[in-house]
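Chain by chain, the residues:
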Amino acid sequence: MAEPLPYSVYQYGTHELQRVGVWDLGISPDAVEWDQYWVIYIHGGAWRDPRVTHKTVEPSIERIRQDASGMKHIAAFASIDYRLSPHPDFPQDPATTPPEQYRGARHPDHVDDVRAAIRYLQGKFGFGERYILVGHSAGATLSYQIAMTAYQDQDDGDGNSNSNGNSNNDIELPVALCGLEGIYDFHGLNDRKNGTYAEFLTAAFGDPAGWDAAAPMKCVLHEGVYGRGELWVLAHSPDDELVDMPESEGMAKRLLEGKPPGDEEDKVLLIKDLRGKHDDVWRDGEGVASAVRRTLDALHHEAVSR
């Protein structure tokens, strides 16, 4: 096993979960090559599981490091924690829990935190758009929400805007998004699961009447979403027992159908051969590593062919 990478954790807000871990490869910002990218990971956990943290990316980093050809295209790794919604198995008393520890987040708190973390990293390390935003499960939802909401007002889950007409494009968007086993159509997945997901979806997004406004597969897409030419990657295991393949397939279809007229370039990569159950892809790390490797390959092929 390779030597551990230097690791640092930074706070981007006052809540204890508003933190981001960085694994340093020793490449100074002014020495990053044109074909090197930060890999920024967002964990899942149904927006509420306090056991799933930013450090769950570590097996994936170790897997990625085993591929020397892929590592030459990576400048650094980062992984984001964000405020969580309440979990019935880990209750807290709001009257006695300090605000900086209380898990009471609801949309758009989670995506606002991810955006704030990216803003912090871009300000500190100066990598601009040269990053791949990778997410698993709820983290995949968040990664796609970052892009989908970049040109529109945020919504609080009950149809109420939380802004005064200002857009959410105050960060540089990534050159690629890579969603693994993400949830993109909240009603669709909940219906296929016979309503058993309504509890955690309501905790995260409020009244079901407002779910579609936050769901990447259902929300209104601004034409600016397609204007920058990002690579959209969707990866899934056929063995996933919690989030089924129609989520990734449906999101890919939505992206392809939404392309502006005359845009013939295919920027959607659908990967359907990851292995293992839902959490195996990050616990073992090979699923995340495989998706990242194929994203890097696609980016490198695109850059060389220009």
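Because the structure is a prediction, the values reported are computed rather than measured.

A. Representation of the overall build of the chain within the structure. A tally of helices and strands in the chain yields 10 helices and eight strands. Every one of the 306 residues in the chain was classed for burial, and the buried ones make up 53%. Long-range pairs, those at least 24 residues apart, make up 77% of the contacts in the chain with a sequence separation of at least 6. Accessible surface computed for the chain: about 13200 Å², of which carbon and sulfur atoms make up 48%.

B. Here's a closer look at the environment of Pro108. Secondary-structure assignment places Pro108 in the loop between strand S4 (74-80) and helix H3 (109-125). In this structure Pro108 comes out as buried when scored by relative accessible area, which is 6%. C-alpha of Pro108 to C-alpha of Ala214: the two residues are 106 residues apart in sequence and 8.5 Å apart in space.

C. The arrangement of the nonpolar core in detail. Of all hydrophobic cores here, the largest spans 57 residues; its most connected members are Trp38, Ile40, Trp47, Tyr144 and Phe186. For Trp47, the contacting residues outside a window of four places in its chain are Leu84, Ser85, His110, Ala138, Thr141, Leu142, Ile183, Phe186, Phe200, Leu201, Ala204 and Phe205. One finds Trp23, Met71, Val134 and Leu180 within the second-largest nonpolar core, a separate group that totals 30 residues.

Conventions we followed
- Residues numbered from 1 in each chain as written.
- Predicted model: local features only at pLDDT ≥ 70, side-chain atom pairs only at ≥ 80, totals over all residues.
- Heavy atoms only, no water.
- Helix = DSSP H or I, 4+ residues; strand = E, 2+ residues; numbered from the N terminus.
- Buried < 20%, exposed > 50% of the residue type's maximum accessible area, 1.4 Å probe, protein only.
- Contact = heavy atoms within 4.5 Å.
- Areas by Shrake-Rupley, 256 points an atom, 1.4 Å probe, with all protein chains shown as cover.
- Core = buried A, V, L, I, M, F, W, Y, C linked by side-chain atoms within 4.5 Å.

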